[in-house]
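Report on the structure
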Amino acid sequence: MPIPIDRSRTRAMRGRFDEALTLVTNEFAGLDGDRQYRNAFARLLKPDPLERVVMLGTDQRDHFVPALRALVPTVVPPGGRVLDLGGGDGRTFALIADRIPRGTQVSILEPNAGYVDDYLSYLQTQPHLAAGRAMVTGFDAMDAAAPPDDSTVHLVLALHMLYFLADPGAGLVRMARFLAPGGALCVVVADETNGYTGRSLRAFLDSVGGLGPGADPLASIARREALFGDTLPGLLSTALPDRRFEVETHHQPSRLYGHTLADLIALSTIAELADVPGTDKFAAARDLLRDTPEAVDLRIEDDGPRKGMWSVSQPQFLMILRRAGL
Ligand SMILES: C[S@@+](CC[C@H](N)C(=O)[O-])C[C@H]1O[C@@H](n2cnc3c(N)ncnc32)[C@H](O)[C@@H]1O
């Protein structure tokens, strides 16, 4: 059973929260936004030394991969087509590759060229699959990179990448256009209204009184998350009136994990806070963890491969959007 860390415990260890903040501030001071993000994201990617879990810093994949593994054979026929948007280095795709039927063509869109190389190298190790298009670009510039034709893709993946779209509603409609009859789009995003990164953002905004005109990260979060409520069907029926879709949404209790309190404080900047320069934001995360630990369900894992790690709640939405068959 995990050990909950309540306010009396955090009060008793005040000094450790301050030490953790000093460590993070020293590490991140002077780094530009990109390097700050990389340092924080490296905490998520931490591999398990005994290969028991892929990413020690989060169990997001552990929650959505089983649903995806169940979905794949129901939507991808032999010789089918998969499109992985913001696919990273392919390590998540690798967790479903054995479920994908022989002869399937896998196309990738990913702005990081190094990740695309890694992804293509991985595909070469999978003789039952063929590499399709490799588009080294961001989603919003995709149409200039010769994407697959509409109605030709059996499975579109958008796993933890919706954050990067200027208009996520229009983006989901664009993704739905790719779907062949009977195909499915699988989307995962963090629930930042309730999760640690969103709460850290709000704590920071409260402490500084907002980011000034033009910057409204809370509105971006609200717009994105409304799509997992009831706004998407209306967008789809307006844009694609002759196609029928079914949407299924799940809320999953995923978490973020750190070996130290400093890891948890650093992880506050893997989402919207990544765009806030400087290191003042980390004090807000320290205060949140120390003063309202119950708001983020702060705890220490007491068994399993993450035994001894600190963790906080970072739930996620999983959406499966199916296009009806002909
Ligand atoms: C959190 S990672 C998720 C990677 C992968 N989908 C997974 O679940 O393992 C986000 C990915 O989105 C990519 N990305 C960043 N900006 C993007 C954009 N504008 N369009 C598409 N992908 C983007 C990043 O390079 C990164 O690989």
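Counting from 1, residues in each chain are numbered in the order their sequence is written. Local features are withheld for residues below a pLDDT of 70 in this predicted model, meaning they are given only at 70 or higher, and side-chain atom pairs are given and counted only at 80 or more; totals for whole chains, interfaces and linings count all residues. In computing side-chain values, all of the structure's heavy atoms are included and hydrogens and water are not.

Describing the pairing of strand β5 (residues 153–159)
Our working definition: Accessible area is worked out with a 1.4 Å probe on protein chains only. A residue is then buried under 20% of its type maximum, exposed over 50%, and partly exposed in between. Helix and strand definitions here come from DSSP, where helices need a minimum of 4 consecutive H or I residues and strands a minimum of 2 consecutive E residues; each element is numbered from the N-terminal end. Note: two strands are recorded as paired if DSSP finds a minimum of 2 bridges between them. By the criterion used throughout, a crossover qualifies as right-handed when its path from the first strand across the helix to the second strand runs clockwise, the strands pointing away from the viewer.
When you tally the buried positions in β5, you get seven out of seven residues, the bulk of the element. One ladder, built from four bridges, connects strand β2 (residues 81–85) with β5; its direction is parallel. In the sheet register, L83 faces β5, and the bridge partner there is V156. You can see the chain leave β5, run along helix α6 (residues 168–178) and come back into strand β6 (residues 179–190), and the turn it takes is right-handed.

Notes on the nonpolar core
For the record, the criterion: Only buried residues count toward a nonpolar core. Its members are Ala, Val, Leu, Ile, Met, Phe, Trp, Tyr and Cys residues joined through side-chain atoms within 4.5 Å. Here a residue-residue contact requires only that any non-hydrogen atoms of the pair lie within 4.5 Å.
Counting residues in hydrophobic clusters, the biggest one holds 30 residues, and the most contacted among them are L85, V156, L172, M175, L185 and V187. Contributing elements (two or more residues each) for this core: β2, β5, α6, β6, α9 (232–239) and β11 (316–323). Of all the elements, α6 adds the most residues to this core, at five residues. When neighbours within four sequence positions are excluded, L85 is seen to be in contact with L109, F139, M142, V156, L157, A158, L159, M161 and M175. Counting residues in hydrophobic clusters, the runner-up holds 27 residues, among them M13, L21, F28 and L289.

Re the sheet that holds β2
Condition: Structural elements are reduced to axes, namely lines fitted to C-alpha atoms, with helices fitted over the stretch in contact, and the angle between N-to-C directions of any two is expressed from 0 to 180 degrees.
Strand order in this open sheet of seven strands is β4-β3-β2-β5-β6-β11-β7, and the pairing throughout is mixed. Every other strand in the sheet has two partners, leaving β4 (129–135) and β7 (245–252) as the edge strands with one partner each. Across the sheet, the axes of successive neighbouring strands diverge by a mean angle of 15°, strand direction being ignored. With respect to the sheet, α6 is in contact with β2, β5, β6, β7 and β11, its orientation differing from that of β6 by roughly 150°.

Brief notes about the site of the ligand
Let me state the cut-off plainly: Throughout, the term near means that a residue has one or more heavy atoms lying within 4 Å of the molecule or strand in question. In the analysis that follows, any N or O atom pair within 3.5 Å is treated as a polar contact, provided that within protein one partner can donate a hydrogen and the other can accept it, and provided that, for residues neighboring in sequence, both atoms belong to side chains. The Shrake-Rupley method, run with a 1.4 Å probe sphere, supplies the accessible areas, and residue values consider only the shown protein chains as cover. Polarity classes work like this: nonpolar for Ala, Val, Leu, Ile, Met, Phe, Trp, Tyr, Cys and Pro, charged for Asp, Glu, Lys and Arg, and polar for all others, with Gly in that last group.
Around the ligand lies a shell of 16 residues, among which G86, T92, E110, F139 and L159 are the nearest. Within the side chain of R61, an N or O atom sits 3.4 Å from an oxygen atom of the ligand. Measuring from an oxygen atom of the ligand, one finds a side-chain N or O atom of T92 at 2.5 Å. The protein chains hide 82% of the 590 Å² of surface that the ligand would expose on its own. Here the shell around the ligand is composed, by residue class, of eight nonpolar, six polar and two charged.

A closer look at unusual backbone geometry
The backbone of E51 sits at a positive phi, close to 60°, despite the residue not being glycine. Examined against the element boundaries, E51 turns out to sit in the loop between α3 (33–45) and α4 (60–75). Within the chain, A146 stands out as a residue other than glycine whose phi angle is a positive 50°. Its location among the elements puts A146 in the loop between β4 and β5.

What to know about the sheet that holds strand β8 (residues 255–258)
Spatially, four strands are ordered β1-β9-β10-β8 in an open sheet, and the strand pairing comes out antiparallel. The open sheet has two free edges, formed respectively by β1 (3–4) and β8, since each of these has just one partner strand. Of the pairings in the sheet, the one linking β8 to strand β10 (residues 310–313) comprises four bridges and is antiparallel in character. The residue of β10 that forms the bridge with G258 is W310.

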